[in-house]
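Single-letter residue listing:
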Protein chains: 2
Amino acid sequence: MDARSEGEAVTSEASSDPHAEAASRLQAAGQRYTSGRRELVEALAGAARPVTLPDIESIAPGLARSTAYRNLEALERCGVVHRLETGGDHAYFELAESLLGHHHHLICVTCGAIADIELDGETESRIDDSLAAAARESGFVPLHHSLDLYGRCSSCDAAA
Amino acid sequence: MDARSEGEAVTSEASSDPHAEAASRLQAAGQRYTSGRRELVEALAGAARPVTLPDIESIAPGLARSTAYRNLEALERCGVVHRLETGGDHAYFELAESLLGHHHHLICVTCGAIADIELDGETESRIDDSLAAAARESGFVPLHHSLDLYGRCSSCDAAA
DNA sequence: ATTGAAAATGAGAATGAGTCTCACTATAGT
DNA sequence: ACTATAGTGAGACTCATTCTCATTTTCAAT
Ligand SMILES: [Mn+2]
Ligand SMILES: [Mn+2]
Ligand SMILES: [Zn+2]
Ligand SMILES: [Zn+2]
């Protein structure tokens, strides 16, 4: 089943290969796509949800912590990785929206788990319009929005 | 000019007095509304936007740092204060939505400044509906959402 | 193939926001 | 006043993240 199967809205602009994307974006910034960076991108592409640095370490052991953080930052500056701050102990990392497509999150207030969700295009454009109107009033130049739903994941809800 | 001046939609459920609200909520939890806590609420109520702990210290000097954090957490547990994690060095604090009314934020990616905005009710209910639909698919129990617009504030945009 | 300049790495030190400890003080009810 | 409970403040502490710097890789140019 192809991601573009008939009848499905093409909401994501995901490029076919995150590695190709990462390589070219790094190169454009005079940086190299080293094996360590490739492992990071591979780990993020393989995870179905945003992951913390400890998560990454367990998926791809052997990466020095300082290097992992440094490379996540480099990938973030190139627009390959996106960092989520949720208020928990660790930051979460995922592939950027240019690779994963625009989406939002469900965040469990009990266990901190994060899941990706997509909204319909109608709602998205209505959000963009309303935000743009509010921004205009104060001369704020819009770049992108984040929208997260907080609640209880099914397993935490079961335990209550 | 009253907040309920004629013709203005009453979108906020803000209670008239944040202090009364804080006192009763704390009391309900067996806690006291001390002068230090009152100063915190006063500082948050006086600020037109979310503030950091250093901001609070300059508004209300003399509060011990450990006590300020401890009390912000206590007020947060009572639903009087809301903590925003933006990824900057410090967390931001504001009065909770039960006091300020439901709203969203403009966040400057350059200087970190935050401003409050409100969206029209149509958009809000559309958002709630779409999020609820997405949550239902995974058995996630919705509690509340956060929606922030990232971009450049007018002064940071001028310097570019 | 060799070389050299620039970029990346890894181990550990450093940073710093936020939390914890604990001895002391304030509060409220009796 | 007495007592039990809650709050305070100074500073120690934690630990995620960033910084340092000596060493190693990469890559393009010879
Ligand atoms: Mn959206
Ligand atoms: Mn909203
Ligand atoms: Zn959960
Ligand atoms: Zn700004």
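**Examining the domain arrangement of chain A**
Residues and elements named next belong to chain A. Domain boundaries in chain A define domain 1 (13-100) and domain 2 (102-160). For domain 1 versus domain 2, the distance between C-alpha centres works out to 22 Å. In this assembly, 9 residues from domain 1 lie in contact with 8 residues from domain 2. For the pair domain 1 and domain 2, the summed buried surface comes to about 840 Å²; carbon and sulfur atoms form 48% of the total. For the pair domain 1 and domain 2, the number of links is 0 salt bridges. Of all the elements in the fold, those that place two or more residues in the side of domain 1 that touches domain 2 are strand E2 (92-95) and helix H5 (97-100).

**A short note on the coordination of the zinc ion (ligand 3)**
All names here are of chain A. Every protein donor of the zinc ion (ligand 3) is listed here as Cys108 (SG), Cys111 (SG), Cys153 (SG) and Cys156 (SG), and their distances to the metal cover 2.2 to 2.4 Å. Each of the 4 donor atoms bound to the zinc ion (ligand 3) contributes to angles spanning 102 to 118°, and the resulting shape is tetrahedral. Coordination of the zinc ion (ligand 3) draws on donor residues from a single chain, spaced C-x2-C-x41-C-x2-C in sequence. The class of Cys108 is buried, set by a relative accessible area of 3%.

**Some remarks on the protein's contact with DNA strand D**
Around DNA strand D, a shell composed of 18 residues is seen, among which Tyr69(A), Ala91(A), Thr34(B), Arg37(B) and Arg70(B) lie nearest. For DNA strand D, the fraction of protein-proximal atoms (within 4 Å) that sit in sugar or phosphate groups is 62%. At a separation of 2.8 Å, a phosphate oxygen of DNA strand D approaches a polar side-chain atom of Thr34(B). Take Arg70(B): an N or O atom from its side chain is 2.9 Å from a base oxygen of DNA strand D. Contributions of two or more residues to the surface near DNA strand D are made by helix H4 (65-77) of chain A together with helix H4 (65-77) of chain B. By residue number, the principal contributor to the surface near DNA strand D is H4(B), which donates 4 residues. Here the residues of the surface near DNA strand D sort into 3 nonpolar, 8 polar and 7 charged.

**Some points on the interface of chain A and chain B**
How big an interface is tends to be expressed through the accessible area that disappears when the partners come together. Contacts between the two partners involve 36 residues from chain A and, on the opposite side, 36 residues from chain B. Carbon and sulfur atoms supply 67% of the area that chain A and chain B bury against each other, a total of about 3200 Å² over both sides. Considering only the surface of chain A that becomes buried against chain B, Arg126(A), Phe140(A) and Leu149(A) emerge as the three largest contributors, covering 19% of it. Here chain A and chain B share 14 residue pairs in polar contact (both at pLDDT 80 or more) between them. For the side of chain A that touches chain B, the secondary structure elements donating two or more residues are strand E3 (104-108), helix H6 (121-136), strand E5 (141-152) and helix H7 (154-158) of chain A.

**Topic: the coordination of the manganese ion (ligand 1)**
Residue and element names in this part refer to chain A. Taken together, His102 (NE2), His104 (NE2), Glu124 (OE), Glu124 (OE) and His145 (NE2) make up the protein donors of the manganese ion (ligand 1), found 1.9 to 2.7 Å from the metal. The motif formed by the donor residues of the manganese ion (ligand 1), counted along the single chain, is H-x1-H-x19-E-x20-H. Taken as a pair, Glu124 in helix H6 and His145 in strand E5 lie far apart in primary sequence, 21 residues in all. Its relative accessible area of 10% is what places Glu124 among the buried residues.

Conventions adopted
- Residues numbered from 1 in each chain as written.
- Chains lettered and ligands numbered in written order.
- Predicted model: local features only at pLDDT ≥ 70, side-chain atom pairs only at ≥ 80, totals over all residues.
- Heavy atoms only, no water.
- Domains from an automatic or database assignment.
- Contact = heavy atoms within 4.5 Å.
- Buried area = accessible area lost by both parts, 1.4 Å probe.
- Salt bridge = Lys/Arg side-chain N within 4 Å of Asp/Glu carboxyl O.
- Helix = DSSP H or I, 4+ residues; strand = E, 2+ residues; numbered from the N terminus.
- Donors = N, O, S within 2.8 Å, 3.2 Å for Na, K, Ca; no water.
- Tetrahedral: all angles 85-135°; square planar, octahedral: opposite > 155°, others 65-115°.
- Buried < 20%, exposed > 50% of the residue type's maximum accessible area, 1.4 Å probe, protein only.
- Near = heavy atom within 4 Å.
- Polar contact = N/O pair within 3.5 Å; in protein donor to acceptor, adjacent residues only side chain to side chain.
- Nonpolar A, V, L, I, M, F, W, Y, C, P; charged D, E, K, R; others polar.

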